[in-house]
Amino acid sequence: MERVLKEISGLPPLVFPPEIRDLTSALGLVAQRRAVLLQAGDCAESFASHGADSVRERLRVILQMAVVLTYSSGLPAVKIGRIAGQFAKPRSSPTEVVDGRELPSFRGDLVNGVEATPEARLADPDRLLRAYHQSASTLNLLRALTGGGFADLAGVHSWNQDFVRSSPQGARYERLAEEIDRALRFMKACGVDTRSQRVLHETDFWVSHEALVLGYEQALTRVDSLTGDWYDTSAHMVWIGERTRDLGGAHVEFAAGICNPIGCKLGPSATVEEVVALCDRLDPERKPGRLTLIARMGADQVTRALPPLLRAVRDEGHPVVWACDPMHGNTFTSTTGRKTRRFDDILREIAGFFEAHDASGTWAGGVHVELTSDDVTECLGGGHEILEAALDDRYETMCDPRLNGRQSLDLAFSVAELLRR
Ligand code: PEP
Ligand code: CO
């Protein structure tokens, strides 16, 4: 472990402080009600599926959702992927039973292997290096795709994948894309030189992951020569999970010491005192964009648990971004033994999140979701009505159940409507 961490400490940063500061500014706009946040991607990235196609498809669905949010709300969407480093998983139990055998839990490709053998489940420090290099090549591709044509608004139709296009949501998206085309043609006809407008052809896209394995994060934490400040250069944004947000714990201590934008998950047991103390610790300067609180309460709890937190943070004057993670509070095991989530619960939690913000006069800043562009069957319901019996068809996630491409687009339209209202 020491050898590997020393090696990583000597490798170049994956992201750069000026980019990190730009993300803080962008999130600052969300805190000030001038933008919305879309944070999305895998529950756990994998070493095994790391082709160019897989990276491009994951970007495609996020671009598609973002354009729906922006077109409907008239606000820019700050796009942050759970990508290029989302390799570590907190687990509730140190062991799990796979095919009748008790094994050490899978903790993400950063730590051990998903294969159901005792050997694979041993922690292997060389995985940290592999994660670093995979993150670097994922970032390289993301930078090329967002800067070089793929994210061009003129290609807005091409973000609709074939299996999505034939669905009602896909058709709705086609109509929206057609309107955008028409608006672009209109601008051109009016004499606007759309070719020279960088913002129409490129997009800003940031990466994030849970800062769970602190040795890895620390090895990539560097002093910015321009400002003398410390930045974790493993990602633009990192977040603290629901299981590690202990005020006296190492994860909070680490996050308090870096200048990146920080996320912190909040489950239904979070108290007003804890949350205010976390804000004081993580955002003592009350800087808009520094802290994003990611509520993951569960559809049944959100309207009870969230409002007191919203009021307390507001009254303390912390300019946080509030995001809704409608996934992690709604997980259950199906009768067929699959970890799953109901699409209806996911939408219900988002609606409850907006309702809570309406009541306290605060800004429902955005959403944090687990998704894939693939046509998987991991979450129940949605347009194509995935039933319990169908979960086994294409259940591919390494950890939590993700929305598929259609469900993701459906969710974007629902959030857009809530934002417009
Ligand atoms: C996650 O985001 O994958 C996760 C484990 O979330 P939480 O910490 O909210 O349970
Ligand atoms: Co998850």
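Quick caveat, the model's predicted, so the values are computed rather than measured.

1. Quick look at the overall build of the protein
Scanning the protein from terminus to terminus reveals 13 helices and 14 strands. In terms of overall dimensions, the protein is globule-like: its C-alpha atoms have a radius of gyration of 21 Å, near the 22 Å expected for 421 residues. When its C-alpha atoms are laid out on the principal axes, the protein stretches across 60 × 55 × 45 Å. Summing over all exposed atoms, the protein offers an accessible surface of approximately 17200 Å²; the carbon and sulfur share of this is 52%. A distance of 3 Å separates the average location of the 48 positive side-chain charges in the protein from that of its 59 negative side-chain charges.

2. Some thoughts on the nonpolar core
Counting residues in each nonpolar core, the largest one holds 106 residues, and the members touching the most others are Leu-293 and Trp-322. Those residues in contact with Trp-322, other than ones at most four positions away along the chain, are Leu-266, Leu-293, Leu-306, Leu-309, Leu-310, Val-313, Phe-353, His-357, Trp-363, Ala-364, Gly-365 and Gly-366. Among the nonpolar cores identified, the runner-up in size contains 14 residues, and Val-78, Ile-80, Trp-206 and Ala-323 belong to it.

3. Re unusual backbone geometry
Unusually for a residue other than glycine, Ala-84 sits at a positive phi of about 60°. Note on placement: Ala-84 falls in the loop between strand E2 (77–82) and strand E3 (95–98). Of note, Arg-286 is a non-glycine position whose phi angle comes to about 50°, a positive value. The residue Arg-286 is located in the loop between helix H10 (272–282) and strand E10 (291–295) in this model. On the basis of relative accessible area, Arg-286 is assigned to the partly exposed category, the value being 33%.

4. A few points about the coordination of the cobalt ion (ligand 2)
Here the cobalt ion (ligand 2) is held by Cys-43 (SG), His-328 (NE2), Glu-370 (OE) and Asp-400 (OD), and the distances to it run 2.0 to 2.4 Å. Sequence spacing of the donors to the cobalt ion (ligand 2): C-x284-H-x41-E-x29-D. Of the two residues, His-328 is situated in the loop between strand E11 (321–324) and strand E12 (331–333) and Glu-370 in strand E14 (residues 364–370); the sequence distance between them amounts to 42 residues. Of the two residues, His-328 and Glu-370, both sit in the buried class.

5. Re the confidence of the model for the protein
In this model, the protein carries an average pLDDT of 94, and 100% of its residues clear a pLDDT of 70 or more. Element-level mean pLDDT values for the protein span from 78 in helix H5 (residues 162–165) up to 99 in E10.

6. Section: the layout of surface pockets
If you add up the space inside the largest pocket, you get close to 760 Å³. Considering the residues around the largest pocket, the lining is formed by 35 residues, among which Arg-91, Glu-96, Lys-339, Cys-399 and Asp-400 are closest to the centre. Counting only elements with at least two residues in the lining of the largest pocket, the list comes to E3 and strand E13 (339–341). If one sorts the elements of the lining of the largest pocket by residue count, E3 sits on top with 3 residues.

7. Focus: the packing of helix H1 (residues 2–9) against helix H4 (residues 126–147)
If you want to describe how two helices pack, look at the angle between their axes and the distance between the axes. Where H1 contacts H4, the two axes come as close as 8 Å, and the packing angle between them is 25°. As judged from the angle between their axes, H1 and H4 are roughly parallel. Residue-level contacts link Arg-3, Val-4, Leu-5, Glu-7 and Ile-8 of H1 to Asp-126, Leu-128 and Leu-129 of H4. Considered class by class, the residues forming the contact of H1 with H4 number 5 nonpolar, no polar and 3 charged.

Calculation notes
- Residues numbered from 1 in each chain as written.
- Chains lettered and ligands numbered in written order.
- Predicted model: local features only at pLDDT ≥ 70, side-chain atom pairs only at ≥ 80, totals over all residues.
- Heavy atoms only, no water.
- Helix = DSSP H or I, 4+ residues; strand = E, 2+ residues; numbered from the N terminus.
- Rg over C-alpha atoms; globule rule 2.2 N^0.38 Å.
- Areas by Shrake-Rupley, 256 points an atom, 1.4 Å probe, with all protein chains shown as cover.
- Lys, Arg positive; Asp, Glu negative; His and termini not counted.
- Charge placed at Lys NZ, Arg CZ, Asp CG, Glu CD.
- Core = buried A, V, L, I, M, F, W, Y, C linked by side-chain atoms within 4.5 Å.
- Buried < 20%, exposed > 50% of the residue type's maximum accessible area, 1.4 Å probe, protein only.
- Contact = heavy atoms within 4.5 Å.
- Donors = N, O, S within 2.8 Å, 3.2 Å for Na, K, Ca; no water.
- pLDDT = per-residue confidence, 0-100.
- 1 Å grid on protein atoms, 1.4 Å probe; cavity = no way out; pocket = protein on both sides within 12 Å on 5 of 7 lines; lining within 4 Å.
- Points joined across faces, edges and corners; volume = space filled by probe spheres on them.
- Axes fitted to C-alpha atoms, helices over the stretch in contact; angles between N-to-C directions.
- Parallel < 35°, antiparallel > 145°, perpendicular 65-115°, else oblique.
- Nonpolar A, V, L, I, M, F, W, Y, C, P; charged D, E, K, R; others polar.

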